[in-house]
Amino acid sequence: QNPKTSAIVKQLVAEGNAGELQKYFGSRMEFGTAGLRAAMGAGISHMNDLTIIQTTQGFCRYLEKNFSDLKNRGVVIGFDARAHLSSGGSSKRFARLAANTFISQGVPVYLFSDITPTPFVPYTVTHLKLCAGIMVTASHNPKEDNGYKVYWENGAQIISPHDKGISQAIEENQEPWPQAWDDKLIDSSVLLHDPYATINKEYFKDIQKQCFHRNINKETNLKFVHTSVHGVGHKFVQLAFKAFDLRPPFAVPEQKDPDPEFPTVKYPNPEEGKGVLTLSFALAEKDGAKIILANDPDADRLAVAEKQESGEWKVFSGNELGALLGWWIFTCWKNQNRDACAIKDVYMLSSTVSSKILRAIALKEGFHFEETLTGFKWMGNRAKQLMDQGKAVLFAFEEAIGYMCCPAVLDKDGVSAAVITAEMASFLATRNLSLSQQLKAVYDEYGFHITKASYFICHDPKVIQQLFDNLRNYDGKNTYPKSCGRFKVSGIRDLTTGYDSSQPDQKAILPTSKSSQMITFTFANGGVATMRTSGTEPKIKYYSELCAPPGNSDIEQLKKELDELVSALEKHFFQPEKNNLQRKTE
């Protein structure tokens, strides 16, 4: 019943454009553990009013089956600022339609009245003890896209088998229910609640438990620049600084207000490097700021840059900031906990494609480190299990600039990460240390961990399948590569098939998933490289790392060795020319 998408379809029918219609209606968007992520537009392959109604009807039925008290507890729904003029879709409209679906079935809905960062949704699920949460966002994807991210009652993103159960329920509930389109009905419903004011108050109260140096924060002369890259983060990072008694950061004026067109950047993704930070660098130079904090548009990720003595800007990788935050959060914990026995219940987590620096710190300091599969859905769920056993999970991170610094949010949170980074930098400044100098000190103490990650773009699933099949049948059937150029392979773990050469029974310990590709190669020189497909983008990603024991300080030699290993990986395992793969461009 949306006049814009309806008109698009009627026009294509009138033109007899079977090719385009096939694109729109050939296959339904797949509901996975990341929920939905697709372009906004007409048809069942896109995000629009109808597909949101269908998805929510399925999700509602699935929750009714799983929770006898759904009608007492309810769900929370948040949204970002995305909008798509030509199809009439927007995050806010989708959130209202989703709310209407639940309310029509007698389920209370806590619908945020305004845009919020993604981490506020999992926080609300936990804080208000709700059955589930939905965040309508496509995070840092291109402007045409939108998404529907789902959280379970434990405050973490869903993992299997919930995705399959929800997917099946969507299939069974495709016809819109009688009042599905009339979202105005919710405004007069007693089942509609607005958690905005309460959650804003409670969230900033909770993150203050991670504030350990209020006096330093009040006095610091360090200046920060913040950009929300046309997303939702501006107001919330300002409030977080206030909660920590830090002077507010300078906001990049052209990027501080939400704008679904993302006019000043090619991609609204701070992970893409310096291109996204151009305006931040200019403002920092003008105002004499040493540190830049950049959130992605839904404020669950954080990039950090620091001005070096040379005048150059260093953008920290996700692994480098993970090392710094891991060191900092453990140091703060240690200062608060003098009881030597307490450390046996302390945990930190990172994903299997992230740097192993936390493992090195844990080994030396005596706490526990665990790795999980890629993505915060795994770290959030594991953190909750550990917390339920009385353990303290201090920190979790992934190399894709995602950090969980505060146990009140079981997902990545760019707001708390930004203010905790600012406090860490302010503390280090009192010791005349920069973030870069402290990072070197961490590596000096726990061993250098040099990482390099990138990706190739490939829009043809057949080519991707063939590339990974080739690696599994490299020297004849069912044989993996024994070397990569001059680098000898000493171990293989394939989390698509469940094979792990390092285990006595050759079976991988981490869960396997046949629906995504992921192979990790260990090399005789101590290097590790993982190749995997992305769940949300047409990319084949790779992650590589060389770890040196403490005391090996020839960092240039380590970098050279890793560069050569990555070149060999690209040449022999990716074969970009043969497979027509497009390289990442700055």
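Residues numbered from 1 in each chain as written. Predicted model: local features only at pLDDT ≥ 70, side-chain atom pairs only at ≥ 80, totals over all residues. Heavy atoms only, no water.

When you go through the chain residue by residue, the secondary structure sums to 19 helices and 25 strands. Computed over the C-alpha atoms, the radius of gyration of the chain is 24 Å, within 12% of the 25 Å expected from 2.2 N^0.38 for a compact globule of 586 residues. Viewed in the frame of its principal axes, the chain has a C-alpha envelope of about 70 × 65 × 50 Å. The buried share among the 586 residues of the chain stands at 58%. Put simply, 69% of the contacts in the chain that link residues at least 6 apart link residues at least 24 apart. For the chain, the exposed surface amounts to about 24300 Å²; the carbon and sulfur share of it is 51%. (Helix = DSSP H or I, 4+ residues; strand = E, 2+ residues; numbered from the N terminus. Rg over C-alpha atoms; globule rule 2.2 N^0.38 Å. Buried < 20%, exposed > 50% of the residue type's maximum accessible area, 1.4 Å probe, protein only. Contact = heavy atoms within 4.5 Å. Areas by Shrake-Rupley, 256 points an atom, 1.4 Å probe, with all protein chains shown as cover.)

Before going further, it helps to spend a moment on the packing of aromatic side chains. Each pair of aromatic rings is reported with the distance of its centres and the angle of its planes. On inspection of all chains with the given rule, the structure shows 24 aromatic pairs. Taken together, a centroid distance of 4.5 Å and an interplanar angle of 40° make the contact between Phe120 and Tyr203 tilted. Here Phe120, found in helix H6 (residues 120-127), pairs with Tyr203, found in helix H8 (residues 196-207); they are 83 residues apart in sequence, far enough to count as distant. Between Phe330 and Trp333 the ring centres are 5.9 Å apart and the planes differ by 25°, which places this aromatic pair in the stacked class. (Phe/Tyr/Trp six-rings, centres within 6.5 Å; stacked < 30°, edge-to-face > 60°.)

With that out of the way, let us pick up the packing of H6 against H8. For the pair H6 and H8, the least separation of the axes is 11 Å and the interaxial angle reads 90°. Overall, the two elements H6 and H8 adopt an arrangement that is roughly perpendicular. Contacts from Phe120, Tyr123, Thr124 and His127 in H6 reach Ile199, Asn200, Glu202, Tyr203, Phe204 and Asp206 in H8. Of the residues contributing to the contact of H6 with H8, the split by class is 5 nonpolar, 3 polar and 2 charged. (Axes fitted to C-alpha atoms, helices over the stretch in contact; angles between N-to-C directions. Parallel < 35°, antiparallel > 145°, perpendicular 65-115°, else oblique. Nonpolar A, V, L, I, M, F, W, Y, C, P; charged D, E, K, R; others polar.)

Right, let's get into helix H7 (residues 162-172). Three or more residues of H7 are buried, namely His162, Asp163, Gly165, Ile166, Ala169 and Ile170. Projected down its long axis, H7 shows its buried positions confined to an angular sector of 165°, all on one face. Among the exposed residues of H7, those oriented more than 90 degrees off its buried face are Lys164, Gln168 and Glu172. (Arc of directions from axis to C-beta.)

Moving on to the domain arrangement of the chain. As assigned here, the chain comprises domain 1 (3-193), domain 2 (203-315), domain 3 (319-446) and domain 4 (448-583). Each of domain 3 and domain 4 has a C-alpha centre, and the two are 26 Å apart. A combined buried area of about 1400 Å² lies between domain 3 and domain 4, and 62% of that area is made up of carbon and sulfur atoms. Contact with domain 4 buries area across many residues of domain 3, yet Val353, Leu373 and Tyr443 alone supply 36% of it, more than any other trio. There are 1 salt bridge connecting domain 3 and domain 4. (Domains from an automatic or database assignment. Buried area = accessible area lost by both parts, 1.4 Å probe. Salt bridge = Lys/Arg side-chain N within 4 Å of Asp/Glu carboxyl O.)

Our next topic: the sheet that holds strand E17 (residues 402-404). The strands that make up a sheet pair up through hydrogen bonds in the backbone, lying either parallel or antiparallel. In spatial order, the strands read E15-E14-E16-E17; together these 4 strands make up an open sheet with mixed pairing. The strands lining the two open edges of the sheet, one partner per strand, are strand E15 (368-372) and E17. Put simply, the sheet's adjacent strands are angled 15° from each other on average, direction ignored. Bridge count for strand E14 (residues 346-351) against strand E16 (residues 392-398) is 5 bridges, and the pairing is parallel. From the neighbouring strand, Met348 faces E16, where its bridge partner is Phe395. (Pairing = 2+ DSSP bridges.)

The next point concerns the UniProt feature "domain: Alpha-D-phosphohexomutase alpha/beta/alpha" (unreviewed entry) in the chain. If you check UniProt for "domain: Alpha-D-phosphohexomutase alpha/beta/alpha" (unreviewed entry), the listed places come out as residues 29-175, 201-307 and 339-446 in our numbering. For residues 201-307, the end-to-end C-alpha separation is 34 Å, with 32% helix and 16% strand making up the annotated structure. Counting secondary structure, residues 339-446 comes out at 47% helix and 19% strand; the distance between its end C-alpha atoms is 23 Å. (UniProt positions renumbered as here; feature names shortened; annotations may be inferred.)

This part takes up the pattern of salt bridges. Evaluated as defined, the whole model comprises 37 salt bridges. With a closest N to O distance of 3.0 Å, Arg214 and Asp245 form a salt bridge. A residue pair is termed long-range when its members are at least 10 positions apart, and Arg214 in helix H9 (residues 214-219) and Asp245 in the loop between helix H10 (233-243) and strand E10 (250-251) qualify at 31 residues. Looking at Arg214, the relative accessible area reads 26%, which means it is partly exposed. One continuous salt-bridge network, built from bridges that share partners, spans Asp49, Arg93, Arg96, Asp183 and Asp187.

Turning our eyes to something else, we now look at the sheet that holds strand E5 (residues 109-111). Reading across from one edge, E1-E7-E6-E2-E5-E8 is the order of the 6 strands in this open sheet, with mixed pairing throughout. Each of the sheet's edge strands pairs with one partner strand only, and the pair in question is strand E1 (36-39) and strand E8 (192-193). With respect to the sheet, helix H3 (residues 49-66) is in contact with E1, strand E2 (75-79), strand E6 (132-136) and strand E7 (145-151), its orientation differing from that of E7 by roughly 5°.

Here we take up the pairing of strand E18 (residues 449-457). On any regular strand, side chains alternate: one points to one face of the sheet, the next to the other face. Sheet analysis places E18 next to strand E24 (residues 539-547), joined by 9 bridges and oriented antiparallel. By the bridge assignment for E24, Ser454 is matched with Tyr542. Summarising the sheet, E18 and strand E25 (residues 582-583) pair through 2 bridges and their orientation is antiparallel. Looking at E25, one finds that Ile457 is bridged to Gln582.

Inspection of the secondary structure puts Lys377 in helix H14 (residues 376-388). Of the side chains with opposite charge, Asp163 comes closest to the buried, unpaired Lys377, at an N-O distance of 7.1 Å. Dropping the residues within four chain positions of it, Lys377 is found in contact with Thr33, Gln157, Ile158 and Ile159. (Lys, Arg positive; Asp, Glu negative; His and termini not counted.)

Phe59, Phe102, Phe395, Tyr403 and Met531 are the most contacted members of the largest nonpolar core, which totals 164 residues. The contacts of Met531, once residues within four sequence positions are left out, are Leu467, Phe468, Leu471, Gln517, Met518, Ile519, Phe521, Lys541, Tyr542, Leu569, Phe573 and Phe574. In this structure, Leu349, Leu386, Val393 and Met404 belong to the second largest nonpolar core, which totals 10 residues. (Core = buried A, V, L, I, M, F, W, Y, C linked by side-chain atoms within 4.5 Å.)

The next subject is the side chain of Gln157. Here Gln157 is to be found in the loop between E7 and H7. In this structure the side chain of Gln157 is engaged in a polar contact, spanning 3.2 Å, whose partner is the side chain of Asp411. In this structure Gln157 touches Thr33, Lys149, Val150, Tyr151, Phe376, Lys377, Asn381 and Asp411, once residues within four positions along its chain are discounted. (Polar contact = N/O pair within 3.5 Å; in protein donor to acceptor, adjacent residues only side chain to side chain.)

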